[in-house]
Structures are given as structure tokens and as C-alpha cells.
Amino acid sequence: LRDRLSRTWAPPRGRKSDFAVVRFELDRDGMVVSSAIEQSSGNPALDQAALSTLTHAAPFEKLPATFSGDRIPVLFRFDYTILGNSTPTHPSVNH
């Protein structure tokens, strides 16, 4: 999940490090069935980029057959970190 989101994450350019936390649910087939900003970055473009990343990265792997529920909730933190003249943009996951 993290690798797939990391490859798809394309935040808008900014001048300061920031992050947004997204809450979403995956169904048994790995499709995103709901998503919302849990903690806003304060930058609407960054928040929208985080939500758009989910759409572009889906579908994810199917849930294991041993998983008893129909959906799984996920909290995911999208980081935008500026270090010197470079801009690493690696999202991290919060469980």
C-alpha cells in the first residue's frame, strides 16, 4: 500500500514542509470506497493532491481471504518535506 501510494504521490510545489492525513476504507477487492481528509495541511492543493493520489493508485491488493470484514479502515499520512534545494516527497503510513 505504502509503496503504491509513494509512487503515485505528486504533491504541488511548496515552500515549506507540510503533511495531510487521509482516512479511507478499502473493500475486499482493494477498491477505495470512502475517503476524507482527517487532518488538513492547511493547503487545499496539498490536501486535494493527497485525495487524488488514492484515486490514481487504486485498486490496491485484495484483502486476504482470512480477513473477516468487508472493509478495512486506513489512516495515511502524506508528507511533503523540503530539505535544502531538494524536495523528497515520501508519504508515510500511520496505523
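K.L.:
Just to check I follow, could you spell out the overall build of the chain for this structure?
P.N.:
Helix and strand counts for the chain stand at 2 helices and 4 strands. Ordered by position from the N terminus, the helices and strands of the chain form the series α-β-β-α-β-β. Considering the chain as a whole, with its 95 residues, one finds that 28% of them fall into the buried category. Considering only intrachain contacts with a sequence separation of at least 6, the fraction spanning at least 24 residues in the chain is 66%. Only carbon and sulfur atoms are counted for the fraction: they give 49% of the accessible area of the chain, which is about 6,000 Å².

K.L.:
I would appreciate a short explanation of the pattern of salt bridges in the present structure.
P.N.:
Oppositely charged side chains are able to pair whenever their charged atoms sit close together. By the definition in use, this model includes 4 salt bridges. K16 is the partner of D18 in a salt bridge, and the nearest nitrogen-oxygen pair spans 3.3 Å.

K.L.:
Looking at this model, I keep getting lost on the packing of aromatic side chains. Mind explaining?
P.N.:
Within a pair of aromatic rings, the relevant descriptors are the distance that separates the centres and the angle that separates the planes. In total, this model carries 3 aromatic pairs according to the counting rule given. Judged by centre distance (4.8 Å) and plane angle (50°), the ring pair of W9 and F78 falls under tilted. On the criterion of sequence distance, the pair formed by W9 in the loop between α1 (2-8) and β1 (18-27) and F78 in strand β3 (residues 71-80) is long-range, its members being 69 residues apart. Summarising the burial analysis for this pair, W9 and F78 share the class buried. Among the aromatic residues, those joined into a ring-pair cluster are W9, F76 and F78. A cation over a ring is seen here: R4 above F60, with NZ or CZ 6.0 Å from the ring centre.

K.L.:
Would you mind showing me how to read the pairing of β1 here?
P.N.:
One face of the sheet, then the other: side chains in a regular strand alternate in exactly this way. Burial of β1 is extensive: 7 of the 10 residues sit out of reach of the surface. Both β1 and β3 contribute to a ladder of 10 bridges, which runs antiparallel. Looking at the pairing, L26 lines up with I72 of β3. Linking β1 to strand β2 (residues 32-39), which pair antiparallel, is a turn of 4 residues; within it G30 sits at a positive phi near 85°.

K.L.:
In this structure, what is going on with the side chain of T53? I would like to understand it.
P.N.:
Mapped onto the fold, T53 is located in helix α2 (residues 44-57). Those residues within four positions of T53 in sequence are excluded, and the remaining contacts are L5, T8, W9, A10 and F78.

K.L.:
How should I be thinking about the pairing of β2 in this particular structure?
P.N.:
Here 6 bridges tie β1 to β2, and the two strands are oriented antiparallel to one another. Its bridge partner being in β2, F24 is matched across the sheet by S35.

K.L.:
Would you take a moment to explain α2 for this structure?
P.N.:
An α-helix turns once every 3.6 residues. As a result, residues three or four positions apart point the same way. Taking 1.5 Å as the rise per residue, α2 with 14 residues should run 20 Å; its terminal C-alpha atoms sit 20 Å apart, in good agreement. All of the buried residues in α2 are L46, D47, A49, A50, T53, L54 and A57. Buried residues of α2 fall within an arc of 160° about the axis and therefore sit on the same side. Those residues of α2 that are exposed and angled more than 90 degrees off the buried face are P44, T55 and H56. Lining the buried residues of α2 we find α1, β1, β2 and β3. Here α2 starts with a cap whose side-chain oxygen sits 3.0 Å from the backbone nitrogen of A45, and that cap is N43.

What counts, and where the lines are drawn
Residue numbers run consecutively from 1 along every chain, following the written order of its sequence. For a predicted model such as this one, the threshold for reporting local features is a pLDDT of at least 70, and the threshold for listing and counting side-chain atom pairs is 80 or more; totals across whole chains, interfaces and linings nevertheless cover every residue. Side-chain numbers here rest on the full set of heavy atoms in the structure, without hydrogens or water. Each helix is a run of DSSP H or I of at least 4 residues and each strand a run of E of at least 2, with the numbering of both proceeding from the N terminus. Per-residue accessibility, obtained with a 1.4 Å probe over protein chains only, is compared with the maximum for each type, and a residue is labelled buried under 20%, exposed over 50%, and partly exposed between these values. Any pair of residues with heavy atoms lying within 4.5 Å of one another is described as a contacting pair. Methods summary: accessible areas were calculated by the Shrake-Rupley approach with a probe of 1.4 Å, and residue burial reflects only the protein chains presented. By salt bridge we mean one thing: a side-chain nitrogen of Lys or Arg within 4 Å of a carboxyl oxygen of Asp or Glu. Note on aromatic pairs: the rings of Phe, Tyr and Trp (six-membered ring only in Trp) are paired at centre separations within 6.5 Å, and the planes decide the class, stacked below 30 degrees, edge-to-face beyond 60, tilted for the rest. By the criterion adopted, a ring carries a charge over it if an Arg CZ or a Lys NZ lies within 6 Å of its centre and within 35 degrees of its normal. By the convention used here, strands pair only if DSSP detects at least 2 bridges between them. To estimate how far a helix should extend, the number of its residues minus one is multiplied by 1.5 Å. The directions considered for the arc are those from the helix axis to the C-beta atoms. A 3.5 Å cut-off defines polar contacts: any pair of N or O atoms within that distance qualifies, except that in protein one atom must be a possible hydrogen donor and the other a possible acceptor, and neighbouring residues in sequence count only when both atoms are side-chain atoms.

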